[in-house]
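Structural description and commentary
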Amino acid sequence: MTTNATSPAGATMALWHREVVRFLRDRSRVTSSLGQPIFFWLLFAGSLQNSFTPGGQAYGEYFFPGTLAMIVMFTAIFATITVIEDRKEGFLQGVLVAPVSRASIALGKVCGAATLALGHSLVFLVLAPVAGVPFSVVPALHAILALTVIAFALSGLGVALAWKMDSTAGYHGVMMLGLMPMLLLSEAFFPAKGAHPVLSYVMAANPLRYGVAWIRRALYGEQLDVPAEALAEGAAALDVPSLPLAAGATVAFAILAFWLAARAVNKRSSRDALT
């Protein structure tokens, strides 16, 4: 079955397919976007395994949901950088003059990056038993749903930022300056409870915090709600947002991120001109 590339759905599917194939052919991007977060997990889990037990969990277990979010973020960064490369090669300008809506172009780019980010995270998700994380069919499917929404949100944000950039170096600088603090303050590395009051407010406003919380809720459910007095001495208590709040905030983040991506693509500028 073939799709008409001049229709909105056809344009979206064509760009979606191109993003996936192009990324998978670049082995350096595939290995770096997956290998770096796994290396971080091994490093932190090995270093803090018995010295830091958030919520009574071994640190490797606590850090596992955060590593999933990190894999999604890194893959989205590496995938959306193709927006800048496509502009330099002239491909993007050719796409923009095609008789299709720019929203469909944005959707194709975002879906392509999100598919790659989700695929990478699933490779790590199957290693949950190694980290001591409970793993069964229903929680795994729930976690996949959460990862899908997070991947769409971060890919949309990546496209929105990349569309305004002219160099890959500048793009990486902006992403590291903006997204790495977002990851660090998402409770992926440490719980919000006990943090400095200023950081606590920042973490509460961080949309990625609710994505990480959704993953935790998907894998653990109500097991996370352990009273502080029931924890072993020295164990940091968890204050994970409820499932409705975590899921709702993450979906809202995804909608906002795609709106920003579509708005950036719809805004015409001198960069869109064919040279």
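What this report covers is the structure whose coordinates are included nearby. Quick caveat: nothing in here was measured; it's all calculated off a predicted structure. (Residues numbered from 1 in each chain as written. Predicted model: local features only at pLDDT ≥ 70, side-chain atom pairs only at ≥ 80, totals over all residues. Heavy atoms only, no water.)

1. Quick look at the overall build of the protein chain
- Looking only at helices and strands, the protein chain has 11 helices and 0 strands in total.
- For the protein chain, the proportion of its 275 residues judged to be buried stands at 50%.
- A separation threshold of at least 6 residues defines the contact pool for the protein chain, and within that pool the share at least 24 residues apart is 80%.
- On the protein chain, roughly 12500 Å² of surface is accessible, and the fraction owed to carbon and sulfur atoms is 68%. (Helix = DSSP H or I, 4+ residues; strand = E, 2+ residues; numbered from the N terminus. Buried < 20%, exposed > 50% of the residue type's maximum accessible area, 1.4 Å probe, protein only. Contact = heavy atoms within 4.5 Å. Areas by Shrake-Rupley, 256 points an atom, 1.4 Å probe, with all protein chains shown as cover.)

2. A closer look at unusual backbone geometry
- Of note, the phi angle at Glu 187 is positive, near 70°, even though the residue is not glycine.
- Within the secondary structure, Glu 187 sits in the loop between α8 (168-184) and α9 (197-205).

3. Re the nonpolar core
- Counting residues in hydrophobic clusters, the biggest one holds 65 residues, and the most contacted among them are Phe 64, Met 73, Leu 154, Tyr 171, Leu 183, Leu 208 and Leu 219.
- Elements with a contribution of two residues or more to this core: α2 (27-48), α3 (59-80), α4 (82-89), α6 (102-125), α7 (137-162), α8, α10 (207-220) and α11 (243-266).
- Apart from residues lying up to four places away in sequence, Leu 183 is in contact with Gly 66, Met 70, Met 73, Ala 188, Phe 189 and Leu 208. (Core = buried A, V, L, I, M, F, W, Y, C linked by side-chain atoms within 4.5 Å.)

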